[in-house]
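Listed below, chain by chain, are the residues.
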Amino acid sequence: MRVLLINPFYPISETPSPPLGLAFLAAALERAGVEVMILDLVVFPYSPDLLETVLNDFSPDLVGSTAVTMTFDHAVKVIQAVKALDPEIVTVMGGPHVTFCAEETLRAFPELDAVVLGEGEETVVDLALTPKNRWVGVQGLVFRDGLQIVRTTPRPLVADLDTLPFPARHLLPLGRYRALGMAISMTTSRGCPFRCIFCVGRKMVGGKIRYRNAGLVADELAYLSALNFTQVNLADDLFTANPRHCLAVCDEIIKRKINIKWTSFARVDTVSLEVLSRMKEAGCSAVSFGIETGSPEILKIVKKGITLDQVIEAVRLCNEVGLLPHASFILGLPGETPDTLRQTLEFGARLKDMGVSYGFHLLAPFPGTEVREKAESFGLKILSNDWSEYHANKAIVETPTVTRAMLDRIVGDWQKEFDGLLEGIKQVRDRGDATEEESWPLTNLENIVLIYDLMMGRVIENHGVWTVEDPTVRTADYLGALVERVKEATDRPREIIARALEAAFRRGDLNCQRDGRRLRWEWMDYLSGPNGRPAVIPREDMVDRPGSAHDR
Ligand code: B12
Ligand code: SF4
């Protein structure tokens, strides 16, 4: 049995991290003896040819795609293409979008055979190992049976997270994420006891928090540190929910002297001086708080359960221990009026004065959220059911007194302010008056955008292969020639290309294979860590790899 898992495309502006859910599924499948491959279309450009090559080479019996609401359209297109290429392949979707609209998704897309609800590790294994005519016995599934759509009995959540194998990261193209400077994510717990009306987190992973053993968490973090990622994102819904767990994890990291920077999500009412200072000591650099609004009334309507005083106190504590507080707001929540928008903007400005970095999202009423299910009674008008618009950067709701245009204007102004900031840095840098640290936000962004465009345009693959005159010259000396070739192919500024490629080469993210006079530059797609092993990748990209022709 072979299973292909797909991560559908979403843009680099959403700061993607390697698809952790798929890595958990892949690990469970591998443990059950299933052969697995992951095709990550966030960092590899999708094309029908690529899909066909993968299907031909790997011959999967089952193809499963993940999706959040904004990536659903892409996921469906790939599933449709799979079915068109081979109708015998079983097609499945899972994740926080389809979990809450399984029947309607299956009705709308006949190319899809089944939807896995909620946590998928156990269900996907059962599904892969059970013949189609016995799927009715697989818990946590909605599937097509002729003209019928059948929902099986619910599957209980995984009771003990420590029984799950570590995510199969050796199957992920981690090298590409590292080259892009993205954080890698891991979890120390699942679940959230709160009931915010715009969130499906609790419905996906339950209201009772399940914790992983702190020793195992530290093992996994040490593994990520060995992979040379600069930053880890603890993707727990609420890392700080229980101070005992939080302190146990931090103590283990400190005891083992694991040296890596990490960030986490938190609520302002779950942090204390003791917890934050231990987090800082254990390598935490920033904490993200969902503040949502500057209006005390809206905080109540959305059942957030925090007060603005608690926000100020949490920020003060972060400042005291030297952690960067990040605050995220959602505009367009039920009860929003011009006055509450003003309160939010003023509160954001007040936080900024206290050293907080903050950002706005616009409400996207995802399937499964209370805010969508009771939109009418909340006085909320949902303006679009086009899932590709559910990226939270564009207004798709209105309240009786707040229009789409008002919401878009605020986010537009905020974006302009941010762009202005970057433009300011650019001017100072161009005059030669900025230190490296001062220009870092801009240079870092330029590097990311360039590397991403090179990856998605297959520029290195298409222009990084040539025959050299003198095979004894060091590889590093041919880097200049690569810069020129990329310059010619992309017409981007030479200094940006040189800076980005030199840094990538130094870090080992860009590699050069040499076979006599033949040079072939490539991104270091797959990393093998302490427990890693080579991954299965499309043959097209596989010629001569994996190798180690670094001669620096
Ligand atoms: C950490 C996190 C992030 C991180 C990292 C995201 C990443 N891609 O790794 C950051 C901050 C970057 C982020 C960004 C965004 N996020 Co986010 N994020 C989360 C959070 C807190 C945890 C996700 C996670 O890693 N869980 C752990 C893994 C193991 O779980 P999982 O991915 O859900 O996978 C399991 C199951 O879903 C299932 N499964 C998933 N896929 C498949 C596929 C198959 C075939 C099968 C069988 C099963 C299956 O099995 C997996 C194993 O159990 C969740 C909340 C939550 N609990 O779901 C929100 C959440 C997923 N994010 C959400 C959103 C909206 C976003 C953004 C769109 C933000 C925005 N612009 O508004 C972006 C989009 C990024 C993207 N495309 O994923 C929403 C999604 C809701 C929706 N319906 O779309 C959630 C649910 C929070 C919420 N608001 O309710 N996010
Ligand atoms: S927004 Fe945060 S606190 Fe609220 S339910 Fe979701 S995960 Fe829990």
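### A look at the site of ligand 1
- Among the 41 residues in the neighbourhood of ligand 1, the closest are listed as Gly21, Gly64, Thr66, Gly94 and Gly120.
- At 4 residues, the largest contribution of residues to the shell around ligand 1 is made by helix α1 (residues 20–31).
- Among the domains, domain 1 (2–151) and domain 2 (183–402) are the pair contributing at least three residues each to the shell around ligand 1.

### What about the site of ligand 2?
- Around ligand 2, the surrounding shell consists of Cys192, Phe194, Arg195, Cys196, Cys199, Gly201, Arg202, Asp237, Leu238, Arg267 and Gly290.
- Split by residue class, the shell around ligand 2 holds 5 nonpolar, 2 polar and 4 charged.

### Comments concerning the sheet that holds strand β15 (residues 357–362)
- Taken in spatial order, the 6 strands make up an open sheet running β8-β11-β12-β13-β14-β15, and their pairing is parallel. Edge strands, defined here as strands with exactly one partner in the open sheet, are β8 (184–186) and β15. Each strand axis lies, on average, 25° off the axis of its neighbour in the sheet, ignoring direction.
- Set on the sheet, helix α8 (residues 214–226) makes contact with β8 and β11 (231–234); between it and β8 the angle comes to about 170°.

### Comments concerning the domain arrangement of the chain
- For the chain, the assigned domains read domain 1 (2–151), domain 2 (183–402) and domain 3 (458–542).
- Domain 2 and domain 3 are separated by 38 Å when their C-alpha centres are compared.

### Regarding the packing of helix α2 (residues 48–58) against helix α3 (residues 72–85)
- Taken N-terminus to C-terminus, the directions of α2 and α3 make an angle of 55°; their axes are 11 Å apart at the nearest point. Here α3 runs oblique to α2, going by the angle between their axes. Crossing of α2 over α3 shows right-handed handedness. In this structure, α2 contributes Pro48, Leu51, Glu52 and Leu55 to the contact, and α3 contributes Val78, Ala81, Val82 and Leu85.

### Some remarks on unusual backbone geometry
- Positive phi values are uncommon outside glycine, yet Lys257 reaches one of about 55°.
- Looking at the element boundaries, Lys257 is found in the loop between α9 (243–255) and β12 (261–266).
- For Lys303, which is not a glycine, the phi torsion comes out positive at approximately 60°.
- The topology assignment puts Lys303 in the loop between α11 (296–301) and α12 (308–321).

### Focus: the nonpolar core
- Within the largest apolar cluster, 161 residues are counted, with the highest numbers of intra-cluster contacts made by Ala26 and Val232.
- It is α1 that contributes the most residues to this core, 8 residues altogether.
- Here Val232 is in contact with Ala183, Ile184, Met186, Leu221, Leu224, Ile260 and Trp262, once residues within four sequence places are set aside.

### Some remarks on the pairing of strand β14 (residues 324–331)
- Within β14, 6 of the 8 residues are buried, leaving the element largely enclosed by the surrounding structure.
- Note: strand β13 (residues 284–292) against β14, 6 bridges, orientation parallel. Looking at β14, one finds that Phe289 is bridged to Ala327.
- Where β14 meets β15, 6 bridges bridge the pair, whose relative direction is parallel. Along β15, the bridge assignment pairs Phe329 with Phe360.

### Remarks on α12
- With 14 residues, α12 extends 20 Å between its outermost C-alpha atoms, agreeing within 8% with the 20 Å of an ideal straight helix rising 1.5 Å per residue.
- All buried positions along α12 are accounted for by Val311, Ala314, Val315, Leu317 and Cys318. Burial along α12 is one-sided: seen end-on, the buried residues are contained in an arc of 160°. Those residues of α12 that are exposed and angled more than 90 degrees off the buried face are Asp309 and Glu320.
- If you follow the buried residues of α12, they end up packed against α10 (273–281), β13, β14 and α13 (338–353).
- Positive phi appears at Gly322, one or two residues downstream of α12, with a value of about 85°.

### Some points on the sheet that holds strand β4 (residues 90–94)
- Across the sheet, which stays open at both edges, the 7 strands sit in the order β2-β1-β3-β4-β5-β6-β7 with mixed pairing between neighbours. Since the sheet does not close on itself, it has two edges, and those belong to β2 (35–40) and β7 (148–151), each with one partner. Each strand axis lies, on average, 20° off the axis of its neighbour in the sheet, ignoring direction.
- Alignment of strand β6 (residues 141–145) against β7, held across 4 bridges, turns out to be antiparallel.

### Some thoughts on the pairing of β6
- Relative to β6, strand β5 (residues 114–116) runs antiparallel, the two being bridged by 3 bridges. Counterpart to Val115 in the pairing with β6 is Val142.

### Topic: α13
- Across its 16 residues, α13 extends 23 Å between first and last C-alpha, which sits within 8% of the 22 Å expected from 1.5 Å per residue.
- Within α13 the residues assigned to the buried category are Thr340, Leu341, Thr344, Phe347 and Leu351. Along the long axis of α13, the arc covered by the buried residues comes to 125°, so they all point the same way. Along α13, exposed side chains directed more than 90 degrees from the buried face belong to Pro338, Asp339, Arg342, Glu346, Ala349, Lys352 and Asp353.
- Residues of α13 that are buried in the fold lie against α11, α12, β14, β15 and α15 (404–430).
- In the stretch just after α13, Gly355 is the one whose phi turns positive, near 95°.

Parameters and conventions
- Residues numbered from 1 in each chain as written.
- Chains lettered and ligands numbered in written order.
- Predicted model: local features only at pLDDT ≥ 70, side-chain atom pairs only at ≥ 80, totals over all residues.
- Near = placed C-beta within 6 Å.
- Helix = DSSP H or I, 4+ residues; strand = E, 2+ residues; numbered from the N terminus.
- Domains from an automatic or database assignment.
- Nonpolar A, V, L, I, M, F, W, Y, C, P; charged D, E, K, R; others polar.
- Pairing = 2+ DSSP bridges.
- Axes fitted to C-alpha atoms, helices over the stretch in contact; angles between N-to-C directions.
- Contact = placed C-beta atoms within 7 Å.
- Parallel < 35°, antiparallel > 145°, perpendicular 65-115°, else oblique.
- Left-handed = near helix turned anticlockwise from the far one by under 90°.
- Core = buried A, V, L, I, M, F, W, Y, C linked by C-beta atoms within 7 Å.
- Buried ≥ 20, exposed ≤ 12 C-beta atoms within 10 Å, placed from the backbone.
- Expected span 1.5 Å × (residues − 1).
- Arc of directions from axis to C-beta.

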